[in-house]
Structure formats: C-alpha cells, structure tokens
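Observations on the three-dimensional arrangement
Below, each chain spelled out in residue letters.
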Amino acid sequence: RLLVFRFDRMAMSGPLFIDVTWHPAGDPGSEKETSSMMIASSALNYCGLETMLHLTCCKLSKSDITRYLTKAKELGIRNILALRGDLPADEESWRPSEDGCRYAVDLVRYIRQEFGNDFVIGVAGYPNGHPEAESYEEDLRHLKEKVDAGGQFIITQLFFKAETFIQFEKDCRAIGITVPIIPGIMPIQSYDSLRHIVKLSKLDVPRDLVEKIEPLKDNDEAIRDFGVHMAVNMIKKLFDAKVAPGVHFYTLNREVATLEILKQLDLYSKADVSKRTFPWKMAANFKRCAEDVRPIFWAQRPKSYIYRTQHWDEFPNGRWGSSQSPAFGDLKDYYLFYLKSKSPKDELLAMWGSDIRSEKEVWNVFARYVGGETNETGITVTRLPWNDEALAPETNLLRDQLVRFNKNGILTINSQPAVNAAPSTDPIVGWGKPGGYVFQKAYLEFFACPQIVEQLLEILEDYCPRVNFHITDKTGATNLTNAAKHRANAVTWGVFPGTEIIQPTVVDPDSFQVWKDEAFALWYEGWGSLYPANSPSRNLLNEIRDTYLLVNLVDNDFVSNSCLWEILEKTLSRVNSKAAVTESAKALNGY
C-alpha cells in the first residue's frame, strides 16, 4: 500500500511513464499484492500512471512468457521492457530451456510473433558496453538486432559522465539505430546503495567520483545532496547536446532525490486543473479509454471506483444509461485495502484527536478540514476518511458555507457549486477541450443525525421538483428519494466544438445504495479503528455510523443561485427551535 501512495506522490511531477522491475525470485507474475505484475497493475489502474513492466526471459519457457504477457494484457498493461535478466549463479553451465529465449532479442522476436503490435516494446542499451560483450562494437550490433526485431525505444543502463552517453548516442546513430534513446540516470542516494548497484551492473566507478564520495560515505544527507547536484549537471549537459528526448530515473523506490532534481531542472510540473480531460482523474488503462461517465459519489475516492469496476466488460460512454445493464457489471464489491488512509496512524490522530468524547468534537474535525484550519494543538486537518487528498479548488468557492454547516452537524463529504457556462479553460472548474463551456448543478452530500434529517424532509417538500434528494441509513432500511428509480441525473456536462455534449458526472440512485456501504464503513475502517476497542472514541464513532443518515441533494436549477444553503439554514433553524422548546419544557417540569 505504501508503494501505491508513493506512486501518487511521484505522479504529481507528471512523468511520461513509470516502470516496474521483474523480480524472478518474488513470484513476479502472480496475483500477490507485492508481485511485479500487481504492482504494475496498481500503478496503471489506480494511480493513473502509464506503466511499463520489465520482463526477463532467461529463466522462463515460452509458455511462461505467453501466460505472463496474456495476463499483462488483460490487466491493461501495454508497455514491456524486454530483457534477458541476470543469469543463475552457475552461469557457465547454464542453458536456456529448449522452449525458452536465450537473449533479449529472442524475447523481442517472440513477443512480436505471438502478440503482434499489442505491446510497445523497449530494450536496454549499455553506454559503457555490456559487461559480457566481447567488445563495445559487438554490443552495439546486438542492440541494433534488438531494435530491428521490434524494439521501439531504448533505455540505457546507468552511467556516470554525460560524455559517455553523448558518444553512445552518436555511435548508435552511426550504425542506423533511429529509435528514441533515453538515458538512464541513477541519483546517488547513499554510499551502500551505490556499491550495491555498481556490483549488480558490473560497472566501474570513475576514480575522480570515488575520491569525491569517500569522505561523505558516513553522511547520507551529504551524499544525497551530492548525487542531486551531479545528476542535475549531467542532465543539463545531455539536454544542451540535444541527444536526450527525456531522462529515465532509477529511483530505487525513493522519490525525494528525483523530485528535487526535477525541480532544479524546472521540469517539475503539478497537474493543471484547467487541462483536465474530465472532472475526475482518468485511469491509464487503455480498456477505459472510452469511459467518460462516472457516478459523483466516488469523486474523492477514484481508486475505490476503479477497483470496483475493473472486471466490467464495457464502460459507460456518452450516457450512464441504466445501471441495471449487465454490461456495466456489478458495483457491489469493494476492497478494504482501499478504505485505509495513506497517512500514518499517529499523523491521523494528531489531526483528528487522540481522545474524542462528543459529537461536536467530530463536527469540528469536519469543519477544520473544509476550512483548512488547525486544531487545538496547531495541526492542520488536511484529510478525512472520505477525502484522502487535498480539497478540490472548487470546494474553496463554498468554504464559508461548508464550515458553518459542518460546525452544526451537517457533515459534508462531497460537494460542487453550480456552474453555468464557465470556459472549459477556467482554472478552477474547467475541464475538457479548449473553446468549450462547462456546466454543473449544485450538489451536496453529507451525514446528519435523525433529528436534522427529520426537519430537512419537511423543508424539502417546498423545493420539489427543483431539488432531488436521496436519504439512506447504514442498513438501507431507510431509503427515501424523490428521484426516478434507475434513472441517472446528470450533474456535470460540457459543450465543446465539433463534438456531442459530454456528461461525465451523474447522480444515480442505484449506485448511491452501493456507495453508502463504503461511506458508512469508513467511519470504522478509516477512523474508529484507530482507537482501542471499547474506548469512548471508538464507541462514539461507531454510534455515529449506526445512527446518522447519508444524504445527497441536487439543485437542478444551475442558472439561479443555489437554494441548497437556504434549505439547510431553514433546517437548522427548525432543529434549534425544537431544541429550545424541549429545554423550556424541561425547565417548566422542574428538570
């Protein structure tokens, strides 16, 4: 799980792709969460990262290769780095199986033969020459053979001087290699990791580099700073020489040094909201490329939605349609792994409180989150179980109202303002192609106690059919709505030049009944479980989970000012009035 969250952090820098190494000793093609195949699938499907899976062939039969590539294809993986891999310890007597591939070029040919153009194939290049090659020139000829067999780009082994790659690129072009050649850069992050990598790659470290690193070997921070400085200078030289279309970083699962290098090179670019294809984050899986509609309920939890729908035969395109359609599959299953927060327990308790004794304390946590405020100990509340990321920019448009209502027990977990023909390039609510206009109906989703919901239902009678509502409890025994059964309500849509209207976000009654299971489960899985069993804090959160109701409201009039805040104001006013009457009655009766 931590690796997936690390992918999320690295995704913020906007990489063209990431790759996942193949570990033969770790059952790499299995369905274990830690296998190479599943890690690559998670990066692709849940983190939205274009992903390349390494595949080594020296210990595999062709039937193994076919099985693994078929599975990769089913998972949506379409990029393979074809490698021979490290030979067994007794390499002198080693021979590939009769039904195997001896060299990487054999693997490339086999992939092309069996799978045609289903995969984009990368191959490895060695700027210093492969350590097993008889000569540098012979190694270049083998590289060209891999390209001629179907390799579409080259990623190089690490090197320590820019001049090494510059000469390598020149030599490749001289013998007719025309595909992109991407330099492999490994930031030096510690003395031990450098020694380990050099041993594995059988590279010689230049004497002048050893002399610079030796005095720093016991100071990891100093070595890391040196590694960043060295990588930045090397990459600048490659770019100045115009020989590198980009760079490939060997991160060793540690992103700090790489992100610092990108920032110093001015290559770090956070996602621009106005350049979004849809209001929600798309998956990189090619099977979902036609998907353009999702229920709004998972807006803050896209990984969970992708997990739920990973086995669908097709995805809604153009319209959500009937959620009863068997082609759309079943939304019911969800995986507890994706109910857990990416943050450490201590960090969450520092934000939400190590000892919660009252409902109002819970309400204040919600209010601080939407308001970006600190708690009593000076810690800013930056996430909730239902919102594990920073608030969407458009939420700031509603901040004052959200803070007020959360402080009064209307605990919001999803919201969007009404938008009427905002440019698709708007920096806050924009999405889709330039030159278009986007629209939204005001939407609000929240938990509230039965007393608030009782008054809300009475107020809503005066606002139908302008406002659609759906109210449910944890068990589903309470299921109140004025929306049409099995019919979706588009709450976000866009109009763009030369294309049909796109409606990427809907409120669907059937999907809401599925979502409520996840929403209520998060009270315990994401929050209550942080506290000891039978503690006052856990008992309180469990009681809220069991007694509160989940509500969604849609204001269908997107042209006028939203009436949702007016409805909630009236609701709270009635609740407070009834509470005051109750207190007065108690006083009169001598309580």
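Note on numbering: residues in each chain are counted from 1, in written sequence order. Reporting of local features is limited, given that this is a predicted model, to residues whose pLDDT is at least 70; pairs of side-chain atoms are given and counted only at 80 or more, and all residues count toward the totals for whole chains, interfaces and linings. For the side-chain quantities, the full set of heavy atoms in the structure was used; hydrogens and water were omitted.

**Details of empty space enclosed by the protein**
- Cavities and pockets are defined on a 1 Å grid built over the protein atoms alone: a cavity is a set of grid points where a 1.4 Å probe fits but cannot escape, while a pocket is an open set with protein on both sides within 12 Å along at least five of seven lines, and lining residues are those with an atom within 4 Å of any such point. Grid points are joined across faces, edges and corners, and a volume is the space filled by probe spheres set on the points. Applying the stated rule across the entire model yields five cavities of 30 Å³ or more.
- Considering only enclosed or pocket space, the largest cavity measures out at about 120 Å³ in volume.
- Surrounding the largest cavity, 13 residues form its lining, Asn387, Leu391, Thr395, Ile413 and Ser415 being those nearest its centre.
- Elements are defined by DSSP. Helices are runs of H or I of four residues or more, strands are runs of E of two residues or more, and each kind is numbered from the N terminus. Secondary-structure elements contributing two or more residues to the lining of the largest cavity are helix H13 (359-371) and strand S9 (411-416).
- Here the element with the most residues in the lining of the largest cavity is S9; it accounts for four residues.
- Here the residues of the lining of the largest cavity are counted per class, giving seven nonpolar, six polar and no charged.
- Of the voids in this model, the second largest cavity is the one considered here, and its volume is about 80 Å³. Three classes are used: nonpolar for Ala, Val, Leu, Ile, Met, Phe, Trp, Tyr, Cys and Pro, charged for Asp, Glu, Lys and Arg, and polar for all others, with Gly counted as polar.

**Observations regarding the side chain of Thr258**
- Summarising the element assignment, Thr258 is placed in helix H10 (residues 256-264).
- The contact definition used throughout considers only heavy atoms, calling two residues in contact when any of these lie within 4.5 Å. Excluding anything up to four places from it in sequence, Thr258 contacts Pro187, Phe249 and Thr251.

**Observations concerning the pattern of salt bridges**
- Any carboxyl oxygen of Asp or Glu within 4 Å of a side-chain nitrogen of Lys or Arg constitutes a salt bridge here. Scanning the model with the defined rule gives 28 salt bridges in all.
- As a salt-bridge pair, Asp118 and Lys73 come within 2.7 Å of each other at their nearest N and O atoms. Taken together, the residues Asp118 in the loop between helix H4 (104-115) and strand S4 (120-125) and Lys73 in helix H3 (residues 62-75) connect sequence positions 45 residues apart.
- Working definition: with a 1.4 Å probe on protein chains only, accessible area under 20% of the residue-type maximum means buried, over 50% means exposed, and in between means partly exposed. Residue Lys73 is classed as partly exposed on the basis of its relative accessible area of 30%.
- Between Arg574 and Glu458 there is a salt bridge, and its shortest N-O distance comes to 2.6 Å. Residue Arg574 is found in helix H18 (residues 564-588), and its partner Glu458 is found in helix H15 (residues 450-460); the two are separated by 116 residues along the sequence.
- On the basis of relative accessible area, Glu458 is assigned to the partly exposed category, the value being 35%.
- One connected set of salt bridges, linked through shared partners, spans Arg6, Arg9 and Glu255.

**So, the packing of H13 against helix H14 (residues 399-407)**
- Only the stretch in contact is used when a helix axis is fitted, and all axes are lines through C-alpha atoms; the angle between N-to-C directions ranges over 0 to 180 degrees. For the pair H13 and H14, the least separation of the axes is 8 Å and the interaxial angle reads 175 degrees. In terms of orientation, H13 and H14 fall into the roughly antiparallel class. On H14, the residues touching Trp363, Asn364, Phe366, Ala367, Val370 and Gly371 of H13 are Arg399, Leu402, Val403, Asn406 and Lys407.
- In terms of residue class, the contact of H13 with H14 is made up of six nonpolar, three polar and two charged. Any angle between 65 and 115 degrees counts as roughly perpendicular, while under 35 counts as roughly parallel, over 145 as roughly antiparallel, and the rest as oblique.

**A short note on the domain arrangement of the protein**
- The domains assigned to the protein are domain 1 (1-190 + 224-273) and domain 2 (286-419 + 442-487 + 503-556).
- Placing the centre of domain 1 and that of domain 2 at their C-alpha centroids yields a distance of 40 Å. Domains are outlined according to an automatic or database domain assignment.

**Some thoughts on the sheet that holds S4**
- Read across the open sheet, the seven strands follow the order S1-S2-S3-S4-S5-S6-S7; overall the sheet is parallel. At either margin of the open sheet sits one strand with a lone partner, and together these are strand S1 (18-20) and strand S7 (248-249).
- Sheet analysis places strand S2 (residues 51-56) next to strand S3 (residues 79-83), joined by five bridges and oriented parallel. The residue of S3 that forms the bridge with Leu53 is Ile80.
- On the sheet, helix H5 (residues 136-149) packs against S4 and strand S5 (153-158) and is oriented at approximately 180 degrees with respect to S4. Two strands are counted as paired when DSSP detects at least two bridges linking them.

**Considerations on the sheet that holds strand S10 (residues 419-423)**
- The sheet built from five strands is open, its strands ordered S8-S16-S15-S11-S10 with mixed pairing. Single-partner strands in this sheet number two, and they are strand S8 (294-295) and S10.
- Relative to strand S15 (residues 489-495), strand S11 (residues 437-440) runs antiparallel, the two being bridged by four bridges. Residue pairing in the sheet places Tyr437 in a bridge with Val495 of S15.

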